[in-house]
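The chain contents come next:
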Amino acid sequence: MSLLLRRSAARCVLLDSDRRVFLIRSADPIDPHKPEWLEIPGGGVGPGEDSAAACLRELHEETGIRDVEMGPCVWTQYVEYTFCGMRFESDERIHVAWCEGGEFRPAGLEALEAAAFIDAGWWTVEELQVNREPTVPARLREFLPALAAGDIADPPIDISPDAHA
């Protein structure tokens with residue numbers, strides 16, 4: 001039996017002035033059979049913290065990028081997954097944010113993140129569309145083009161993996 005963590009989480013689609021998205025390449029450090037994936041920054045929402053504040057904190061911790069314009073929550077999702085032998089049930093609010101760019105210089109990774117993160121960088125929508133690696137969120141390729149083009153969803157769109165089934 002594995003540990004189950006139920007949590008509220010916040011993630012951020014960080015776009016630069018060229019409409020590229022910042023993605024982190026990750027792997028499960030204890031499951032060599034799980035393929036690597038590309039993910040947008042994010043993590044758990046702390047007590048008393050709103051999702052926008054959590055996004056700003058997570059962006060700094062996971063990327064080192066501070067100078068961002070935080071936008072609204074544009075997507076939501078409920079996901080279940082395993083990572084490092086733990087099961088997660090996560091209600092996520094996903095914001096958009098903009099910046100002038102930046103380099104991957106994490107400023108506060110937790111031990112499991114440090115073990116999981118392989119590298120990170122900026123991707124064009126086109127580069128991501130031809131890449132076949134799994135993404136977090138799973139439906140990123142489906143919804144990113146409109147967001148990168150400036151289409152801000154209001155209210156937020158449910159992009160849960162099962163929302164289209």
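Anything mentioned here points back to the structure above.
Below: a short report on this structure. (Residues numbered from 1 in each chain as written. Predicted model: local features only at pLDDT ≥ 70, side-chain atom pairs only at ≥ 80, totals over all residues. Heavy atoms only, no water.)

**Things to note about helix α4 (residues 140–148)**
By the burial criterion, the buried members of α4 are Leu140, Arg141, Phe143, Leu144, Leu147 and Ala148. Down the axis of α4, the smallest arc covering the buried residues is 170°, so these residues share one side. Of the residues flanking the end of α4, it is Gly150, one or two places downstream, whose phi is positive at about 100°. (Buried < 20%, exposed > 50% of the residue type's maximum accessible area, 1.4 Å probe, protein only. Helix = DSSP H or I, 4+ residues; strand = E, 2+ residues; numbered from the N terminus. Arc of directions from axis to C-beta.)

**So, the nonpolar core**
Grouped together as the largest cluster of nonpolar side chains are 20 residues, with contacts concentrated most on Leu14, Phe22, Ile65, Val68, Phe83, Cys99 and Trp122. If you list the elements that add at least two residues to this core, you get β1 (4–15), β2 (21–26), α1 (51–63), β6 (86–98) and β7 (117–123). Not counting the four nearest positions on each side in its chain, Trp122 is found in contact with Leu14, Leu15, Asp16, Arg20, Val21, Phe22, Ile65, Cys99, Gly101, Gly102 and Glu127. In this structure, Leu38, Val74, Trp123 and Leu144 belong to the second largest nonpolar core, which totals 19 residues. (Core = buried A, V, L, I, M, F, W, Y, C linked by side-chain atoms within 4.5 Å. Contact = heavy atoms within 4.5 Å.)

**Notes on the side chain of His95**
Here His95 shows up in strand β6. Separated by 3.0 Å, the side chain of His95 and the backbone oxygen of Gly71 make a polar contact. (Polar contact = N/O pair within 3.5 Å; in protein donor to acceptor, adjacent residues only side chain to side chain.)

**Some remarks on the packing of aromatic side chains**
Per the counting criterion, the structure on display carries five aromatic pairs. Centre to centre, the rings of Tyr81 and Phe88 are 4.9 Å apart; their planes meet at 5°, and the pair counts as stacked. Of the residues examined, Tyr81 reaches a relative accessible area of 25% and is grouped as partly exposed. Residue classification places Phe88 among the buried positions, given a relative accessible area of 9%. Among the aromatic residues, ring-to-ring pairing joins Phe22, Phe104 and Trp122 into one connected group. (Phe/Tyr/Trp six-rings, centres within 6.5 Å; stacked < 30°, edge-to-face > 60°.)

**A closer look at the layout of surface pockets**
Approximately 720 Å³ is the volume found for the largest pocket. Looking at the largest pocket, it is lined by 33 residues, and the ones nearest its centre are Arg7, Arg11, Glu39, Tyr81 and Phe83. Among the secondary structure elements, those contributing two or more residues to the lining of the largest pocket are β1, β3 (37–39), β4 (42–44), α1, β5 (69–83), β6, α2 (111–116) and β8 (135–136). When residues in the lining of the largest pocket are grouped by element, the largest group, six residues, is from β5. (1 Å grid on protein atoms, 1.4 Å probe; cavity = no way out; pocket = protein on both sides within 12 Å on 5 of 7 lines; lining within 4 Å. Points joined across faces, edges and corners; volume = space filled by probe spheres on them.)

**Digging into the side chain of Arg25**
Mapped onto the elements of the fold, Arg25 is located in strand β2. In this structure Arg25 touches Glu36, Trp37, Leu38, Ala116, Phe117, Ile118, Asp119, Ala120, Trp123 and Glu133, once residues within four positions along its chain are discounted.

**What about the pairing of β6?**
The pairing of β1 with β6 spans 12 bridges and is parallel. Considered in β6, the bridge of Leu15 is made with Trp98. Pairing geometry for β5 and β6, over 12 bridges, is antiparallel. If you follow Glu80 over to β6, its bridge partner there is Glu89. (Pairing = 2+ DSSP bridges.)

**Section: α1**
Here α1 is 13 residues long and its end C-alpha atoms lie 17 Å apart, about the 18 Å a rise of 1.5 Å per residue gives. Within α1, the full set of buried residues consists of Ser51, Ala54, Cys55, Glu58, Leu59, His60, Glu61, Glu62 and Thr63. Where α1 starts, the residue carrying a side-chain oxygen 3.2 Å from the main-chain nitrogen of Ala52 turns out to be Asp50. (Expected span 1.5 Å × (residues − 1).)

**So, the environment of Glu80**
When you line up the elements, Glu80 lands in strand β5. Sequence separation between Glu80 and Leu5 is 75 residues, and the spatial gap between their C-alpha atoms is 9.8 Å. Once you skip the residues sitting within four places of it in the chain, Glu80 turns out to touch Phe88 and Glu89.

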